[in-house]
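# Structural description and commentary
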Amino acid sequence: MPAVTVDNLLALPRIAEAEPGAVDRPVVSVTTAPNGLEGEGFPVRRAFAGVDQALLDPFIHLDQMGEVEYAPGEPKGTSWHPHRGFETVTYIIDGTFRHQDSAGGGGMITNGDTQWMTAGSGILHIEAPPEALVASGGLFHGFQLWVNLPAADKWNPPRYQDIRAGKVALLSSPDGGALLRVIAGDVGGHSGPGVTHTPITLIHATVHPGAHVRIPWRPDFNALVYALAGRGHVGPSPAPIGTGQLAVMGAGDTISIAAAEHQDSHTPALDVLILGGLPIREPVAWYGPFVMNNQAELEQAFDDFRAGRMGTVPATGKTPG
């Protein structure tokens, strides 16, 4: 699981030790993501399945894409499709993916890169592996997160951010046992490059076998820990967590994560996605590719899509390659 790494973690800025009296967030629940297929048939784990939407706010949806080793000719993507009312955050850990949208945004992303697309008032886009990967096959692994937009921002013009791996903020735990890649938000005064409408923090962390990290967390944010790979524990009364499981955390000031002393050969460390944000606390009307506030807005989104008011497929962009 390469993403971004460093040879000497102790050369990185370190997150500070927790303040005296800081409260570790307890574990509210641990759920296991079911498997599914997305787009033209690439395998995903539905990380938020079965979790109360109120506990996820401001997040809507999270898919872990892969981890899968494709044979030549097997890599798949999506067809052109619309979005309105939220943001998609696509992060690639292994492999290569290409995005293109009707507003002219897009490009290729690979190990550790992020594409952050604000759909806002409406956009069409496509995500697919490049032709070279389709021909050769290979490893593919990443995730896509949907971040809700407040009602006041749902009609903003679409926006696109291309966040390269070298731009993420890299931090170490105090003892060098964990590497934190801050994609968005702030961790102990260190900010990630992602620009968000809704205040959130998004981290990909690697915790080495037997290591423990205690991460400061805004008390007004919710907190979620999703295990991308490996085994470990979360919370002050340690709850076990492993590949494909989501821990919903309760109130507090810090998030504690520990990796099991013994990992298997395929997953030599515990890799987790740590995310949280300021709840929007507005009604959510979600159907397919649209996330709005009420049924009338959903119906308007479908009408606008059918009428071509969310853009058109570029004449030269039918299949990213």
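On a predicted model such as this, the values are computed, not experimentally measured, just so you know.

Definitions and limits used
- Within any chain, residue numbers begin from 1 and follow the written order of that chain's sequence.
- Per-residue local features are limited, in this predicted model, to residues with pLDDT of at least 70; the limit for side-chain atom pairs, both in listing and counting, is 80 or more; totals at the level of whole chains, interfaces and linings are taken over all residues.
- As a rule here, side-chain values come from all non-hydrogen atoms in the structure, and water together with hydrogens is ignored.
- Only the six-membered ring of Trp is used, alongside the rings of Phe and Tyr, when aromatic pairs are assigned; centres must lie within 6.5 Å, and planes under 30 degrees apart are stacked while those over 60 apart are edge-to-face, with the rest tilted.
- Residues belong to one nonpolar core when they are buried, are Ala, Val, Leu, Ile, Met, Phe, Trp, Tyr or Cys, and are joined through side-chain atoms within 4.5 Å.
- Residue exposure (1.4 Å probe, protein chains only): buried if accessible area is under 20% of the type maximum, exposed if over 50%, otherwise partly exposed.
- Helix and strand assignments follow DSSP, with helices taken as H or I runs no shorter than four residues and strands as E runs no shorter than two, numbered in order from the N terminus.
- Whether two residues are in contact is decided by their heavy atoms: any pair within 4.5 Å suffices.
- In this description, strands pair whenever DSSP reports at least two bridges between them.
- Note on definitions: angles span 0 to 180 degrees between N-to-C directions of axes, and those axes are lines fitted to C-alpha atoms, for helices only across the stretch in contact.

### Details of the packing of aromatic side chains
Following the criterion strictly, the structure yields 6 aromatic pairs and no others. Pairwise contacts between aromatic rings join Phe-86, Trp-146 and Trp-286 into one cluster.

### Quick notes on the nonpolar core
Across soluble globular proteins, nonpolar side chains have a tendency to be buried as a group. Phe-48, Leu-145 and Leu-202 are the most contacted members of the largest nonpolar core, which has 34 residues in total. Those elements that provide at least two residues to this core are strand E4 (59-70), strand E6 (86-94), strand E11 (138-148), strand E14 (178-184), strand E17 (200-207), strand E19 (223-229), strand E22 (245-249) and strand E24 (270-277). The residues contacting Leu-145, other than those within four sequence positions of it, are Phe-48, Phe-59, His-61, Leu-62, Glu-87, Thr-88, Val-89, Leu-202 and Leu-275. Judged by nonpolar contacts, the second largest core, of 29 residues, contains Ala-178, Val-213, Ile-255 and Val-272.

### Things to note about the sheet that holds E22
Backbone-to-backbone hydrogen bonds pair the strands of a sheet. The strands run either parallel or antiparallel. Taken in spatial order, the 7 strands of this open sheet run E1-E22-E19-E24-E17-E14-E13, and their pairing is antiparallel. Both outer strands of the open sheet, strand E1 (27-32) and strand E13 (169-172), are each paired with one neighbouring strand and no more. With direction set aside, neighbouring strand axes in the sheet form an average angle of 20°. In this structure, E14 lies alongside E17, joined through 6 bridges in antiparallel fashion. Along E17, the bridge assignment pairs Leu-179 with Thr-206.

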